[in-house]
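Remarks on the overall topology
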Amino acid sequence: MMKAGEALSATVEEYLESIYNMSVEGELVIGARLAEKFGVSAPTVTEMLKRLVKSGYIEMDSKRHITLTEAGYEAAEAVLRRHRLTERFLVDMLGMQWHQVHEEACRLEHFISGAVESRVIASLDLPQTCPHGNPIPGIVPNARTYLKDNHALRLSSVSEGQQVTVLCISEVVEDEEALILYLHQKGITPRMHVTVLSQEHVEPDVDPTARGEQFLLQVDGRQVAISKASAAKIWVVAN
């Protein structure tokens, strides 16, 4: 049995990351969501959740809703810190593009030592967020309440005519790399000012890349159409 504080396997770290991200974004965490996220069977998820409960990383109530314990939060934040620092390093130091680094960071995050982590932090002068705008635990005051502290809301809930600024891109998606590439192609990045023009079907003559998208935005002087599902994965703050 795992014990809190021991070195964790990559699979355990990925489960804790996903539970953490769902929790901080205010989403219900249940086994079915995790099975969908990882593309595995329900019994596989159930077995892992039992291990995490026994090890003191999560708790489950009578409805099978999952919450992290303090040990679970700390373990998740440790791996997320390495992940987001790695993304920052790949962009700022190696010159990779923001939409190219998520999968690379997923591969590297499990092998970064504390010494390397400290050197990256020092070299990048205490970076606050990853290239996708998400907070780096241990550097921002409280990564768990980052969205609430910034009064963030989902772009899908913004009214027509309202201008907002992109804060970060959700990490609660089945294919994060695909979402980031989609937004990159649309020219939507963190810190960009966006105005919601319409929430109806967008014709291709307005945006040639539109394929039944429902959100028409003004982005850097251009009209850009995105899907409502994608708009729900973009966290913004009011200007």
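Residues numbered from 1 in each chain as written. Predicted model: local features only at pLDDT ≥ 70, side-chain atom pairs only at ≥ 80, totals over all residues. Heavy atoms only, no water.

1. Quick notes on the overall build of the protein
- For the protein, the count of helices and strands is nine helices and eight strands.
- Compactness check: the protein gives a C-alpha radius of gyration of 19 Å against a globular reference of 18 Å for 239 residues, within 12% of the reference.
- The C-alpha extent of the protein, read off along each of the three principal axes, is 60 × 45 × 30 Å.
- The 239 residues of the protein split such that 48% are buried.
- Contacts spanning at least 24 positions in sequence make up 64% of the contacts within the protein whose residues lie at least 6 apart. (Helix = DSSP H or I, 4+ residues; strand = E, 2+ residues; numbered from the N terminus. Rg over C-alpha atoms; globule rule 2.2 N^0.38 Å. Buried < 20%, exposed > 50% of the residue type's maximum accessible area, 1.4 Å probe, protein only. Contact = heavy atoms within 4.5 Å.)

2. Re the packing of aromatic side chains
- Applying the stated criterion across every chain, the model contains two aromatic pairs.
- Taking 4.5 Å as the distance between ring centres and 25° as the angle between the ring planes, the aromatic pair formed by Tyr15 and Phe38 counts as stacked. Here the residue Tyr15 occupies a position in helix α1 (residues 10–24), and Phe38 occupies one in helix α2 (residues 31–38), the gap between them amounting to 23 residues.
- Taking relative accessible area as the criterion, Phe38 reaches 26% and is therefore assigned partly exposed.
- Centroid distance Tyr20 to Tyr73: 5.8 Å. Interplanar angle 75°. Geometry classified as edge-to-face. (Phe/Tyr/Trp six-rings, centres within 6.5 Å; stacked < 30°, edge-to-face > 60°.)

3. What about the pairing of strand β7 (residues 222–226)?
- Here strand β6 (residues 215–219) runs beside β7; their pairing, made up of five bridges, is antiparallel. Residue Phe215 lies in a different strand from β7, and its bridge partner there is Ile226.
- Counting the residues that bridge the hairpin from β6 to β7 gives two residues, and of these Asp220 lies at a positive phi of roughly 55°. (Pairing = 2+ DSSP bridges.)

4. A closer look at α1
- With 15 residues, α1 should reach 21 Å at 1.5 Å per residue; the first-to-last C-alpha distance of 21 Å fits that figure.
- Packed against the buried residues of α1 are α2, α3 (42–54), β1 (58–60), β2 (66–68) and α4 (70–92).
- After α1 finishes, the residue Gly26 shows a positive phi value of roughly 75°. (Expected span 1.5 Å × (residues − 1).)

5. What about the nonpolar core?
- Counting 24 residues, the largest nonpolar core has Leu16, Ile19, Leu34, Leu52 and Ile58 as the members making the most contacts within it.
- Elements supplying a minimum of two residues to this core: α1, α2, α3, β2 and α4.
- When residues of this core are assigned to their parent elements, the largest contribution, six residues, is made by α1.
- Setting aside chain neighbours within four positions, we find Leu16 in contact with Leu8, Leu52, Tyr57, Ile58, Leu68, Ala75 and Ala76.
- Counting 22 residues, the second largest nonpolar core, distinct from the first, contains Val164, Val166, Leu183 and Val236. (Core = buried A, V, L, I, M, F, W, Y, C linked by side-chain atoms within 4.5 Å.)

6. Section: the UniProt feature "domain: HTH dtxR-type" (unreviewed entry) in the protein
- UniProt's entry tags residues 8–69 with the feature "domain: HTH dtxR-type" (unreviewed entry), counted in the numbering of this structure.
- Its end C-alpha atoms 16 Å apart, residues 8–69 is made of 58% helix and 10% strand. (UniProt positions renumbered as here; feature names shortened; annotations may be inferred.)

7. Quick notes on the side chain of Ser230
- In this fold, Ser230 is placed in helix α9 (residues 228–231).
- With a relative accessible area of 10%, Ser230 lands in the buried category.
- Side-chain polar atoms of Ser230 contact the side chain of Ser227, separated by 2.8 Å.
- Excluding residues that lie within four positions of it along the chain, Ser230 makes contacts with Leu179 and Tyr182. (Polar contact = N/O pair within 3.5 Å; in protein donor to acceptor, adjacent residues only side chain to side chain.)

8. Considerations on the environment of Thr195
- Along the chain, Thr195 turns up in strand β5 (residues 193–198).
- Judged by its relative accessible area of 17%, Thr195 is buried.
- Thr195 sits 25 residues away from Asp220 along the chain, and the two C-alpha atoms are 9.5 Å apart.

9. Let's talk about the sheet that holds strand β8 (residues 234–238)
- Within the open sheet, the six strands sit side by side as β3-β8-β4-β5-β6-β7. Their pairing is antiparallel. Every interior strand has two partners, whereas the edge strands, β3 (153–154) and β7, have only one.
- Helix α8 (residues 176–186) contacts β4 (163–169), β7 and β8 of the sheet and is inclined by roughly 155° relative to β7. (Axes fitted to C-alpha atoms, helices over the stretch in contact; angles between N-to-C directions.)

10. What to know about the state of the cysteines
- Enumeration according to the criterion identifies zero disulfides in this entry.
- Of the cysteine sulfurs around Cys168, a residue in no disulfide, the closest is that of Cys130, at 8.0 Å. (Disulfide = S-S within 2.5 Å.)

11. Description of a negative patch on the surface
- Taken together, the side chains of Glu36, Glu103, Glu174 and Asp175 present a region of like negative charge at the surface.
- Looking at the element boundaries, Glu103 is found in helix α5 (residues 102–108).
- With relative accessibility at 32%, the residue Glu103 sits in the partly exposed group. (Patch = residues over 30% accessible without salt bridge, like charges linked within 9 Å, V, L, I, M, F, W, Y side chains within 5 Å. Areas by Shrake-Rupley, 256 points an atom, 1.4 Å probe, with all protein chains shown as cover. Salt bridge = Lys/Arg side-chain N within 4 Å of Asp/Glu carboxyl O. Lys, Arg positive; Asp, Glu negative; His and termini not counted. Charge placed at Lys NZ, Arg CZ, Asp CG, Glu CD.)

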